[in-house]
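# Secondary and tertiary structure notes
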Amino acid sequence: MKIPISIKDVEKEIENISNLNDLQLLKSKYLGKSGKITSLFKEMRNLSNEEKKEFGKSLNVLKNDVEELIDREKNRIEEENRNMKNRNFRDDETLPGYYTQMGSMHLITQTMEEIKNVWMNMGFEVVTGNEIEETYYNFDALNTPESHPARDEHDTFYIDEKNLLRTHTSPIQARVMEKRTPPLAIFSPGKCYRKDTPDPTHLPVFHQFEVLYVDKFVTVANLKACLSTFIKKILGEDRRIRLRPSFFPFTEPSFEVDVSCGICGGKGCRSCGNSGWLEILGSGMVHPNVFKSAGYDPNVWTGFAVGTGIERIVMLKYKLDDLRDLVRNDERFLQTFRRINL
Ligand code: DAH
C-alpha cells in the first residue's frame, strides 16, 4: 500500500500559513487524534505483516518529517512575531518615555567648579596637594612655628608627630614655592580637616581653596582687583567688597574680606547683623618669612594669598543657614540644587 500523503503536500500548505493558530490547525489535521497521519497508523492493522513493516517505516519517516517541518515553521513565526513587536515598540512615538534618574554634581562640587573657572579665566593654574600633609608644610613653612598660638586655633587631626590631616589648603603654597621659581599664579582647591563638632557653621571635613600670586611689584591693589572680580562673578555684579585689617601668620599685612550683604544690598538687615557686610575670606600679602622658607628673596619677590572655605561661599550664594544640610544626603535638599551639565 502506498502512503497517500507526501511531505510536499504539507510543505505547500505551510507556505500559506503565517500565524501560530493556523499552524496548530495544520498540526491537528495531520498529527492530531484523528489527523490524517494518525489515521494511517490506525489503518495499518488491516495490512499483512510484510506490508506493515514497509508501510510503517515510511509512515514514521513522514511523521517525523512533518513534525520537524511544523517545528521549524513555529520557530520562524515566533521569531517574526518578536521582531515585529520590537519594531512596533520602537516606532511608536506616542509611548511614554522611560524615566531614568540621572546623577548630578553636589552643590559643593558645582560651586568649586564655578570658582575654579573664575580664577582660571584670570590666568591662575590649578595645582592640588595632599590631604595627608606634613606638619612642616601645614604650619612651619607658613611662618607658624610650634610655639605659635595660631596652631591651637586649628584643632588638628594628627596622624603622628610629623604628619596630619591638613587643616587648610595653604600648605600647597609652600610646596609649590619650594619647587618652582616665580612668577607663579596658582589656584588650589581641596578637602580640609579639623576636629570640630558639626554645627550650623562647622564641619570636621570641609573644602577650601587657596590662591597664590607671586611676581615682582605685586600690591594690595592687585589683590583687591582679583578679589572684586571673583566676588562679582560668583555672587553677582552688584556685590562690593571691603578689606579689614586682620592677622594670619603667613601674610603681612593680612585682611579679612567682607562682601556687601546680598539681602539688604549693604544697608543693614537681620541676616548681616545690621552691618551691611558678611565675612567671606582671608587674604594678605605673602609674609617675608614664607618666602624665606621657600628660598625666595623677599626683597625681590612680592605676592598675595587668598584662602577660604567653599562651604562658606555656598552658604552665602544659596542663603543656607545650616552647613550640615550639605552632608545629610537628604534627597529633597539635593534635588533643590540639582544641576546637570551635559
Ligand atoms: N588658611 C587660612 C585658614 O584656613 C585662610 C587664609 C587666610 C589663607 C589668609 C590665605 C590667607 O592664603 O592669605 O583659616
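The rules behind each value
- Residues numbered from 1 in each chain as written.
- Predicted model: local features only at pLDDT ≥ 70, side-chain atom pairs only at ≥ 80, totals over all residues.
- Heavy atoms only, no water.
- Domains from an automatic or database assignment.
- Core = buried A, V, L, I, M, F, W, Y, C linked by side-chain atoms within 4.5 Å.
- Buried < 20%, exposed > 50% of the residue type's maximum accessible area, 1.4 Å probe, protein only.
- Helix = DSSP H or I, 4+ residues; strand = E, 2+ residues; numbered from the N terminus.
- Pairing = 2+ DSSP bridges.
- Contact = heavy atoms within 4.5 Å.
- Axes fitted to C-alpha atoms, helices over the stretch in contact; angles between N-to-C directions.
- Near = heavy atom within 4 Å.
- Polar contact = N/O pair within 3.5 Å; in protein donor to acceptor, adjacent residues only side chain to side chain.
- Areas by Shrake-Rupley, 256 points an atom, 1.4 Å probe, with all protein chains shown as cover.
- Nonpolar A, V, L, I, M, F, W, Y, C, P; charged D, E, K, R; others polar.

### Concerning the domain arrangement of the protein
When cut into domains, the protein gives domain 1 (7-91) and domain 2 (107-336). Here the C-alpha centre of domain 2 lies 83 Å away from the C-alpha centre of domain 1.

### A few points about the nonpolar core
Nonpolar side chains in soluble globular proteins tend to end up buried together. Core analysis: the largest hydrophobic core is formed by 44 residues, its most contacted members being Ile 115, Trp 119, Phe 209, Phe 230, Ile 280 and Phe 304. Elements that contribute at least two residues to this core include exactly α5 (107-121), β4 (184-193), β5 (205-215), α9 (220-235), β7 (251-260), β8 (277-286), β9 (302-309) and α11 (310-318). Per-element accounting of this core gives the leading share, 7 residues, to α9. Listed in part, the 20 residues of the second largest apolar core include Ala 174, Met 177, Leu 212 and Phe 291.

### Quick word on the sheet that holds β9
The sheet built from 7 strands is open, its strands ordered β1-β4-β5-β9-β8-β7-β6 with mixed pairing. In the strand order of this sheet, the two ends are held by β1 (125-126) and β6 (241-248), each with one partner. In the sheet, β8 pairs with β9 via 4 bridges, with the strands oriented antiparallel. Considered in β9, the bridge of Gly 284 is made with Ala 305. Strands β4, β5 and β9 of the sheet are contacted by helix α8 (residues 171-179), whose axis makes an angle of about 35° with β5. The sheet contacts of α9 involve β5, β6, β7, β8 and β9, and relative to β8 the element is tilted by about 145°.

### Digging into the pairing of β8
By the criterion of burial, β8 is predominantly enclosed, with 9 of the 10 residues buried. Of the strand pairs in this sheet, β7 and β8 are connected by 8 bridges, and their pairing is antiparallel. Bridge pairing in β8 places Val 259 opposite Leu 278.

### Points about the environment of Val 300
Mapped onto the elements, Val 300 comes out in the loop between α10 (288-294) and β9. Note: C-alpha distance between Val 300 and Phe 255 (45 residues apart in sequence) is 22 Å.

### As for the site of the ligand
As a structural note, the neighbourhood of the ligand is formed by 15 residues, with His 168, Ser 170, Arg 194, Gln 208 and Glu 210 the closest of them. Note that a nitrogen atom of the ligand is positioned 2.9 Å from one of the side-chain N or O atoms of Ser 170. Note that an oxygen atom of the ligand is positioned 3.1 Å from one of the backbone N or O atoms of Ala 305. Burial of the ligand by the protein amounts to 91% of the accessible area it has alone, namely 350 Å². Elements that contribute at least two residues to the shell around the ligand include exactly β5, β8 and β9. Its residues placed into classes, the shell around the ligand shows 4 nonpolar, 9 polar and 2 charged.

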